[in-house]
Amino acid sequence: MLTPEVPMSHSVAGEPPSAGRRATPLTTAVYSAAEWDLLTSLPGRVLVAAAAPGPDRTERGVAASLAGLDAVAAGRASDSDLVRAVVATIYARHDGAPPPAERLTDMVGLLAACRAASRVLRQRADPADSAAYRQWVQSVAARICRAVPGAGARLVDPPASPADRRFLDRLGVALDLG
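Since we're looking at a predicted model, the values are computed, not measured. (Residues numbered from 1 in each chain as written. Predicted model: local features only at pLDDT ≥ 70, side-chain atom pairs only at ≥ 80, totals over all residues. Heavy atoms only, no water.)

**Here's the deal with the nonpolar core**
By size, the foremost hydrophobic cluster in this structure holds 43 residues, and its most contacted members are Y31, L42, V46, Y133 and F167. Sorting the residues of this core by element identifies α1 (33-51), α2 (62-73), α3 (81-92), α5 (107-124), α6 (127-145) and α7 (162-174) as the ones contributing at least two each. Looking at this core element by element, the count peaks at nine residues for α1. Ignoring anything within four residues of it in the chain, the contact list for Y133 reads L38, L39, L42, P43, L82, V83, V86 and L121. (Core = buried A, V, L, I, M, F, W, Y, C linked by side-chain atoms within 4.5 Å. Buried < 20%, exposed > 50% of the residue type's maximum accessible area, 1.4 Å probe, protein only. Helix = DSSP H or I, 4+ residues; strand = E, 2+ residues; numbered from the N terminus. Contact = heavy atoms within 4.5 Å.)

See the structure below:
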């Protein structure tokens, strides 16, 4: 039996849930296993790419990576059911095996994954959930790129290097953020 597709941010009856929260249990049935894997692995891939050293990029440290992890965790408080479900899935994984290294560091592959996720969200997600997810993924990279190396990883605005700005711009375009 097929499960009806229900927009992620609305109750089954179609009314918005009270206080921005879903009135019924969240279903991921709207997404195929491959699509869900894409949506749940993308924040980690972005975190790794943003934290990776590169030519003309600011030196990264543990504090910058922690800022990225904090940005991922911040998704638990999102108004978006989709973002909260993705974070819950990320935290529920117990396999401990990281994705293959080439998936983590390949910028072309990362940008392609961002474009694919944007397409999936356009086709299947509530527009508000789609926007919230894409902005949240971008915020993971932004938190890392704006972290100043050293004590406490305090944030600065704008990103510390032109390469970081280019990275964030390319990411934003791939995520269809305008």
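Back to the write-up after that little detour.
**Comments concerning the confidence of the model for the protein**
Per-residue pLDDT for the protein has a mean of 77; in total, 67% of the residues score no lower than 70. Under a pLDDT of 50 for its full length, residues 1-25 has, in the predicted model, 41 contacts with residues more than four places off or in other chains. (pLDDT = per-residue confidence, 0-100.)

**Observations concerning the pattern of salt bridges**
What the rule picks out here adds up to four salt bridges. Here R143 ties to D70 by a salt bridge, and the two come within 2.5 Å at their closest N and O atoms. Within this pair, whereas R143 is found in helix α6, its partner D70 is found in helix α2, the two being separated by 73 residues in sequence. Residue class for R143 comes out partly exposed when judged on its relative accessible area of 27%. (Salt bridge = Lys/Arg side-chain N within 4 Å of Asp/Glu carboxyl O.)

**Focus on unusual backbone geometry**
Positive phi, normally seen in glycine, also occurs at D176, with a value near 60°. Note on placement: D176 falls in the segment after α7.

**Overview of the environment of G61**
Within the secondary structure, G61 is located in the loop between α1 and α2. Counting along the chain gives ten residues from G61 to A51, while the straight-line C-alpha distance between them is 7.9 Å.

**Describing α3**
Taking 1.5 Å per residue, twelve residues should reach 16 Å; α3 reaches 16 Å between its end C-alpha atoms and fits that length. Along α3, the residues classified as buried are D81, L82, V83, R84, A85, V86 and V87. (Expected span 1.5 Å × (residues − 1).)

**Let's talk about the packing of aromatic side chains**
Counting across every chain of the model gives two aromatic pairs. Considering the side-chain rings of Y31 and W36, the 5.7 Å spacing of their centres and the 35° angle between planes classify their relative orientation as tilted. When the ring centre of Y91 is taken as reference, the NZ or CZ atom of R76 above it lies at 5.5 Å. (Phe/Tyr/Trp six-rings, centres within 6.5 Å; stacked < 30°, edge-to-face > 60°. Lys NZ or Arg CZ within 6 Å of the ring centre and 35° of its normal.)

**What about the side chain of R134?**
If you trace the backbone, R134 turns up in helix α6. The side chain of R134 is buried and forms no salt bridge, while D176, the nearest opposite charge, is found at 4.6 Å. In terms of polar contacts, R134 uses its side chain to reach the backbone carbonyl oxygen of L175, at 3.0 Å. The contacts of R134, once residues within four sequence positions are left out, are S118, L121, L175, D176 and L177. (Lys, Arg positive; Asp, Glu negative; His and termini not counted. Polar contact = N/O pair within 3.5 Å; in protein donor to acceptor, adjacent residues only side chain to side chain.)

**Notes on the environment of G54**
Of note, G54 is situated in the loop between α1 and α2. In the structure, G54 is positioned 109 residues away from A163 in sequence and 8.5 Å away in space, judged by C-alpha atoms.

**Examining the packing of α2 against α6**
In helix packing, the relevant descriptors are the interaxial angle and the interaxial distance, both defined with respect to the helix axes. Packing of α2 against α6 leaves a shortest axis separation of 8 Å and a crossing angle of 160°. Between α2 and α6, the angle falls in the class roughly antiparallel. Crossing handedness for the pair α2 and α6: right-handed. Between α2, through A64, A67, G68, D70, A71 and V72, and α6, the contact on the second element is made entirely by W136, S139, V140, R143 and I144. Tallied by class, residues from the contact of α2 with α6 come to seven nonpolar, two polar and two charged. (Axes fitted to C-alpha atoms, helices over the stretch in contact; angles between N-to-C directions. Parallel < 35°, antiparallel > 145°, perpendicular 65-115°, else oblique. Left-handed = near helix turned anticlockwise from the far one by under 90°. Nonpolar A, V, L, I, M, F, W, Y, C, P; charged D, E, K, R; others polar.)

**Some thoughts on the side chain of T40**
Mapped onto the elements, T40 comes out in helix α1. Relative accessible area serves as the criterion here: at 2%, T40 is assigned to the buried category. When near neighbours in sequence (up to four residues on either side) are disregarded, T40 contacts V86, T89, I90 and R93.

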